[in-house]
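Residue-level listing of the chains:
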Amino acid sequence: MQIDANTMKTGLLGHPVGHSKSPEMLNAAYRREGLPFVYLAFDVAPGDLESAVTGLRVLGFKGWNVTIPHKVAIMDHLDDIEESARAIGAVNTVISEGGRLIGTNTDGAGYLRSLVSETGMDPVGQRVVLLGAGGAARAVGYALARAGVERITVANRTESRAEALASHLGRWTKTSGIGLSRVEDAIREASLLIQTTSVGMHPDSSACPVDPGCLHGELLVSDLVYHPRETRLLKEAHRRGARVHGGMGMLVHQGALAFQRWTGQTPPVATMWDALEESLKETES
Ligand SMILES: NC(=O)c1ccc[n+]([C@@H]2O[C@H](COP(=O)([O-])OP(=O)(O)OC[C@H]3O[C@@H](n4cnc5c(N)ncnc54)[C@H](OP(=O)(O)O)[C@@H]3O)[C@@H](O)[C@H]2O)c1
């Protein structure tokens, strides 16, 4: 990749960012398409966010991704926020258009693209259990609610957060919010279980967020955790005849949608997938 005075700059703001796989994915995509773009990661402490945004604006960045802990705070520093980000309550992608900074959120749409393209599942009419009520659950819940699922039961360790998210998503579909003591009964009635908590993530990869005995063959189990690529929950689900869907695709597709917004071109999804897989293999070895 040749970098010169005309190179278009994109990147990531987070804290920390050392673990991020986005630079490998996005730079592989730019190289594959022969585009004069580069993607860099910046570790920005919370107190420095405003200065960082001013810096990127002045330096002419075409756009950037935003990750923990800046997804909500960044909204105060942008010129416009698109409907998806407003409804989710967080921005993960910024696009500079004619000097104006536009905030959007590609996490929910990225998840949906991954689910549909990898499993063939039609979201319409699905009975969903959404495990977790954090930022990822908000994005995924919004995308599913808008896509026509029959109902969403939000189950969370802190029940009040489950109730709050269920009430928010209730604008678009039937919902309820429950604590974890009732999650197994809800799963027995569900067709799609989506695990959005950090339970099962490396290094605690033997953990399973629900009693595996409630998993069944009519279920599609989707886990947002991608390190390890096959979580204990997915192994238990597969063993009981359920279909499974891992978290890698969401990461690829949210990045692919950002690529599309910055470059105006169709993203090379297979190239991004391969770059992510390669990087994860290195991390896991
Ligand atoms: N594949 C992808 O592209 C992608 C994208 C985004 C996120 N993720 C993954 O999704 C996970 C959550 O991210 P987030 O941004 O939503 O985090 P977050 O906003 O901090 O939310 C964390 C959620 O996990 C729950 N939780 C945490 N520890 C738990 C435990 N020991 N037992 C039960 N519940 C627990 C929390 O429950 P309380 O409300 O009770 O605290 C909360 O609902 C992470 O593993 C992240 O890597 C993946």
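Because the structure is predicted, anything quoted here is derived from the model rather than measured.

About the criteria used
- Residues numbered from 1 in each chain as written.
- Predicted model: local features only at pLDDT ≥ 70, side-chain atom pairs only at ≥ 80, totals over all residues.
- Heavy atoms only, no water.
- Pairing = 2+ DSSP bridges.
- Helix = DSSP H or I, 4+ residues; strand = E, 2+ residues; numbered from the N terminus.
- Contact = heavy atoms within 4.5 Å.
- Axes fitted to C-alpha atoms, helices over the stretch in contact; angles between N-to-C directions.
- UniProt positions renumbered as here; feature names shortened; annotations may be inferred.
- Salt bridge = Lys/Arg side-chain N within 4 Å of Asp/Glu carboxyl O.
- Near = heavy atom within 4 Å.
- Polar contact = N/O pair within 3.5 Å; in protein donor to acceptor, adjacent residues only side chain to side chain.
- Areas by Shrake-Rupley, 256 points an atom, 1.4 Å probe, with all protein chains shown as cover.
- Core = buried A, V, L, I, M, F, W, Y, C linked by side-chain atoms within 4.5 Å.
- Buried < 20%, exposed > 50% of the residue type's maximum accessible area, 1.4 Å probe, protein only.
- Domains from an automatic or database assignment.
- Parallel < 35°, antiparallel > 145°, perpendicular 65-115°, else oblique.
- Left-handed = near helix turned anticlockwise from the far one by under 90°.
- Nonpolar A, V, L, I, M, F, W, Y, C, P; charged D, E, K, R; others polar.
- Expected span 1.5 Å × (residues − 1).

J.: Looking at this structure, I do not really get the sheet that holds strand S4 (residues 80-81). What am I missing?
T.: Paired through their backbone hydrogen bonds, the strands of a sheet run either parallel or antiparallel. The strand order S2-S1-S3-S5-S6-S4 describes an open sheet built from six strands, whose pairing is mixed. Where the open sheet ends on each side, the last strands, each with one partner, are strand S2 (37-43) and S4. With three bridges connecting them, strand S3 (residues 63-66) and strand S5 (residues 93-97) associate as antiparallel partners. Paired with glycine 63 across the two strands is isoleucine 95, which belongs to S5. Its contacts with the sheet place helix H1 (residues 22-33) against strand S1 (8-14) and S2, and it is angled at close to 170 degrees to S2. Seen against the sheet, helix H9 (residues 248-263) touches S1, S2, S3, S5 and strand S6 (100-104) and runs at an angle of roughly 5 degrees to S5.

J.: Where do I start with the UniProt feature "domain: Shikimate dehydrogenase substrate binding N-terminal" (unreviewed entry) in the protein in this structure?
T.: Taking the UniProt record as the reference, the feature "domain: Shikimate dehydrogenase substrate binding N-terminal" (unreviewed entry) is found at residues 12-94. The span residues 12-94 shows a helical share of 34% and a strand share of 22%, and its end C-alpha atoms are spaced 10 Å apart.

J.: Would you mind going over the environment of alanine 133 with me for this structure?
T.: Here alanine 133 shows up in the loop between strand S7 (127-131) and helix H5 (135-146). For the pair alanine 133 and serine 160, spaced 27 residues apart in the sequence, the C-alpha separation amounts to 9.5 Å. Other than its neighbours up to four places away in sequence, alanine 133 contacts Val154, Asn156, Arg161, Ala162 and Leu165.

J.: What should I look at first to understand the pattern of salt bridges in this one?
T.: Taken as a whole, this structure holds 10 salt bridges when the rule is applied. The partner of glutamate 236 in a salt bridge is arginine 232, and the shortest N-O contact between them spans 2.8 Å. With glutamate 236 and arginine 232 both in helix H8 (residues 232-239) and four residues apart, the pair spans about one turn of that helix. Among the charged side chains, a network of salt bridges with common partners joins Arg232, Glu236, Arg239 and Arg240.

J.: What is the right way to look at the site of the ligand in this model?
T.: Near the ligand lie 20 residues; those nearest to it are Ala136, Asn156, Thr158, Arg161 and Gly247. At 2.7 Å from an oxygen atom of the ligand is found a side-chain nitrogen or oxygen belonging to asparagine 156. Take arginine 161: an N or O atom from its side chain is 2.7 Å from an oxygen atom of the ligand. When the free accessible area of the ligand is taken as 920 Å², the share hidden by the protein chains comes to 74%.

J.: Sorry, what's going on with the nonpolar core here?
T.: A general tendency of soluble globular proteins is for nonpolar side chains to be buried together. Counting 29 residues, the largest nonpolar core has Leu130, Val140, Leu144, Ile152, Val154 and Ile194 as its most contacted members. Looking at this core, the elements with two or more residues in it are helix H3 (83-88), helix H4 (107-119), S7, H5, strand S8 (151-156), helix H6 (159-169) and strand S10 (192-195). Broken down by element, the residue count for this core peaks at seven residues, all from H5. For this core, the domains that each give at least three residues are domain 1 (8-105 + 249-284) and domain 2 (108-246). Every residue in contact with leucine 144, bar those within four places of it in the chain, is listed here: Leu112, Leu115, Val128, Val149, Ile152 and Ile194. Counting 20 residues, the second-largest nonpolar core is a separate cluster that includes Leu12, Tyr30, Leu35 and Trp262.

J.: Before we go on, may I ask you to explain the UniProt feature "domain: SDH C-terminal" (unreviewed entry) in the protein in this structure?
T.: The residues that UniProt annotates with the feature "domain: SDH C-terminal" (unreviewed entry) are residues 247-277. End C-alpha atoms of residues 247-277 are separated by 12 Å, and the span's content is 81% helix alongside 0% strand.

J.: Just to check I follow, could you spell out the packing of H4 against H9 for this structure?
T.: Between two packed helices, what matters for the description is the angle formed by their axes and the separation of those axes. Packing of H4 against H9 leaves a shortest axis separation of 7 Å and a crossing angle of 120 degrees. The angle between H4 and H9 places the two elements in the oblique class. As H4 runs across H9, the sense of the crossing is right-handed. Contact residues: Asp107, Ala109, Gly110, Tyr111, Arg113, Ser114, Ser117 and Glu118 in H4; Gly249, Met250, His253, Gln254, Leu257 and Gln260 in H9. Of the residues assigned to the contact of H4 with H9, the class counts are four nonpolar, seven polar and three charged.

J.: Hey, could you run me through the side chain of threonine 10 in this one?
T.: Relative to the elements of secondary structure, threonine 10 occurs in strand S1. Polar contacts involving the side chain of threonine 10 include one to the side chain of tyrosine 30, which spans 2.9 Å. Excluding residues that lie within four positions of it along the chain, threonine 10 makes contacts with Tyr30, Phe37, Val38, Tyr39, Leu40, Phe61, Lys62, Gly63 and Trp262.

J.: Looking at this structure, how should I read H1?
T.: It helps to recall that an α-helix has 3.6 residues per turn; residues three or four apart then point in one direction. Between its first and last C-alpha atoms H1 spans 17 Å; for 12 residues at 1.5 Å apiece the expected length is 16 Å, and the two agree. Regarding H1, the residues found buried are Ser22, Pro23, Met25, Leu26, Asn27, Ala28, Ala29 and Tyr30. Structurally, H1 contributes buried residues whose contacts are with S1, S2, H9 and helix H10 (269-284). Among the residues trailing H1, glycine 34 stands out with phi positive, at a value near 65 degrees.

J.: Got a minute to help me understand the packing of H4 against H5 in this structure?
T.: At a closest axis distance of 7 Å, the pairing of H4 and H5 adopts a crossing angle of 65 degrees. As H4 packs across H5, the resulting crossing turns out to be right-handed. Here Asp107, Gly108, Ala109, Tyr111, Leu112 and Leu115 of H4 come into contact with H5, specifically with Ala139, Val140, Ala143 and Leu144. Split by residue class, the contact of H4 with H5 holds eight nonpolar, one polar and one charged.

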